[in-house]
Structures are given as structure tokens and as C-alpha cells.
Amino acid sequence: MRKLLATGLVALSMLAMGAGVAQARDQIRIVGSSTVYPFASYVTEEFGSTTKFKTPVIESTGSGGGFKLFTEGMGDNTPDITNASRRMKGSEFERAQQNGVGDIVEAIIGFDGIAFAQNKSNQAMNLTLEELTLAVAAEVPQNGKLVPNPYKNWNQINSKLPARPIVVYGPPTSSGTRDAFEELVMEHTSTKGGLKDGYGGKYTKIRQDGVYIDAGENDNLIVQRLAQDKNAFGIFGYSFLEENQDRIQGASINGVEPKPEAISSGKYPISRSLYFYIKKAHIGKVPGIKEYADLFMSEKMIGPKGLLKRIGLIPLPDDMRKKAQKQVVGLVPLKQGDLK
């Protein structure tokens, strides 16, 4: 009897392993970026209401948190798709391969700008990348060396700026928005060369003395804080600025306002691409993954007149969009050599 039970348990275990996610889940599971979340949520609702498939379960974990969950391995307890406001890193791709994830399909959905926004009742602000870096960096150059950031008011950085406290609500370390901000603002400034003009090397450490406040992954909470605190600035994706123009305004960066045309052309200095990633091996095991991806990448959603443009997505140029659509429709795997 014991031998029969043991044999049966082994057989059941092998059957479960072979079935993988197929018998365990009938809903797509999506994690990742808070910036991509509003766009993906729109697509999930449309997908659930217009197809035979169940509405996917979506969670805002931040880009870094999403990649961590996505690359843990295969099976029903891991997500099928992760959204990201930055590209997957080479180290994240390697972790996925080591954990048996296999082929990953990359989808670029459009552009986004990182807004540095404040209460609409304030005077408009125009900041340089260097001034923005000096406001949030943990250390700043003074007399040829780096020192703990002494700046508490904007006019201490530039006498032409307002004499108001520096208060910045921003994303946590798990956020792709923070990664992009550090790269496009702080790292850009730091690599201008030498302590006189920058930091003489990559420098992206954000201050932790209470001036920069980690506001979590819910960008709507940052918007609410800006509506209440006239001194504060917030860092988040352009779509949240677009949706709340009655309450907040974006600062110009290097003289360029955060507008769709400036973001898509790259004139706005803090612009980036938005993505989602698919586990190819989960397709056909969890129902609807391919159909969901095709809907997301359709002209109906990401085209120049697409539904997602209405809520703040900046469409890709025609040639770039068609290439991205072709890669997703054909389920072309991402290659490690494409990543940093």
C-alpha cells in the first residue's frame, strides 16, 4: 500500500509539473511599473469586456519589483507579464535565464516624460538639469570636493529661484521612474566633467535628510500631496500631469515644457520609453496572453489616434511603432546582447 501511495504521489507530482501554469490559473497575472499601470489597466478592462477571456489581474509593484517577481522563474505563482518604465537590465535578463524563464518578448508601447510638478497656484518654474540635481543629490560639489547637500531652499541653488523650501515627493528605489530620473537627470549632470561643472563620474545617490520624501508606488498620492502643499514638488510620469492639470503644473526643464510634442521629439530632457515583457513559455498555458499583447500593441490602443493617447501615452513614430508591433505579433525573443 505504501509503495502504491508513493508511486501515486510521484505520478501526481510529475503531472503537476508538466501541467505547469495550465491547470492552476485561468487569468493573466501582470505586475510592474506604476507609470505603465494606468495604460495597462485600461487595456485589461477593454480585454475583459470585449473578449471571451477573464479580465487580467494587475498589480502596481514598480518596475524593479516587477522584474524581481517576473524573473523568479516559471509557474502559476509567477507573473506572466511585467510592465516597466525602463528597459530590462542585462542582470535581470541573466537572472531570468538562470531561473528557467526562457524566451522573453519585449514590447515598447510609447513614450513618457518624467514630470517635475507643483501646485498650479504657484509661479511657473524653469529649472536646469543641474539645478534639479543639486536639489535632490545627497552630496554636491563645493570647493573641489563633494560635501553633504546643504541646500534647503531653492534660492540657495540659484538666487533667481524662489525663496521657498525644497520639498520633493518622489518614487522609491523599486521604481523605474526613479531609475530613469537618476539616469536622465543626475547621471547626465554628473558626467559633464569635473567637479567644477558636475561630479566627474556617475553619481546618482539621492539625499535622505528629509528633503526628498519616498512617496511609494502610488503616483496619485503624490498628486494629492501637491494639491495640499504649495511648497512641494513631485516626480512622476507625464500621464498623471495630463490627468490633473486643474490642480498641478509641470516645471520647464532646460526651458522646455513637458508637452507631448516635446516628449516624443526628445526635446524635453527627461523623456523615456515604456515597456511590457511577456514570458513566451506561458503563452498557451494561461489563456489569453497572446490576445492581450496583440490588443495592447494594436493601433486602437497605441496608435496616433489610439485610446491610450487620451490618457497621456505619447505614441511612437510610425516606423518604430510598426517594428515594435511586428516583434510582439511574431513573438520575437529578446536577446541579451540588446541589453546593457
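As a reminder, the structure under discussion sits directly above these lines.
Quick caveat, the model's predicted, so the values are computed rather than measured.

Participant: Describe the nonpolar core, and please don't skip the residues or the numbers.
Facilitator: In terms of nonpolar packing, the biggest core is built from 97 residues, with Ile-109, Phe-116, Trp-154, Phe-236 and Phe-296 touching the most fellow members. Counting only domains with at least three residues in this core, you end up with domain 1 (29-112 + 273-338) and domain 2 (113-271). Those residues in contact with Ile-109 that sit more than four places away from it in its chain are Val-36, Phe-39, Leu-274, Tyr-275, Phe-276, Phe-296, Met-297, Ile-302, Leu-313 and Leu-316.

Participant: Could you give me a rundown of the pairing of strand β6 (residues 139-142), with the residues and numbers involved?
Facilitator: By the bridge criterion, four bridges tie β6 to strand β7 (residues 145-148) in an arrangement that is antiparallel. Paired with Gln-142 across the two strands is Lys-145, which belongs to β7. Hairpin geometry of β6 and β7 is characterised by an intervening segment of two residues between the two adjacent antiparallel strands and by a positive phi of about 55° at Asn-143.

Participant: Please provide a residue-by-residue account of the packing of aromatic side chains, values included.
Facilitator: The tally for this structure, following the rule as stated, stands at 11 aromatic pairs. When the ring of Phe-116 is compared with that of Trp-154, the centres are 6.2 Å apart and the planes differ by 75°; the resulting orientation is edge-to-face. You can see Phe-116 sitting in strand β4 (residues 104-119) and its partner Trp-154 sitting in helix α6 (residues 154-157), a full 38 residues away along the chain. Judged by its relative accessible area of 0%, Trp-154 is buried. Lying across the ring of Phe-70, Lys-279 places its NZ or CZ 5.1 Å from the centre.

Participant: Explain unusual backbone geometry residue by residue, including any values.
Facilitator: We note that Asn-254 has phi near 55°; this positive angle belongs to a residue other than glycine. Turning to its location among the elements, Asn-254 is positioned in the loop between β12 (252-253) and α11 (260-265). Given the relative accessible area of 43%, Asn-254 is considered partly exposed. A positive phi angle, near 50°, is found at Leu-331, a position not held by glycine.

Rules and cut-offs
Residues numbered from 1 in each chain as written. Predicted model: local features only at pLDDT ≥ 70, side-chain atom pairs only at ≥ 80, totals over all residues. Heavy atoms only, no water. Core = buried A, V, L, I, M, F, W, Y, C linked by side-chain atoms within 4.5 Å. Buried < 20%, exposed > 50% of the residue type's maximum accessible area, 1.4 Å probe, protein only. Domains from an automatic or database assignment. Contact = heavy atoms within 4.5 Å. Pairing = 2+ DSSP bridges. Helix = DSSP H or I, 4+ residues; strand = E, 2+ residues; numbered from the N terminus. Phe/Tyr/Trp six-rings, centres within 6.5 Å; stacked < 30°, edge-to-face > 60°. Lys NZ or Arg CZ within 6 Å of the ring centre and 35° of its normal.

What is shown is where atoms sit, not what they do.
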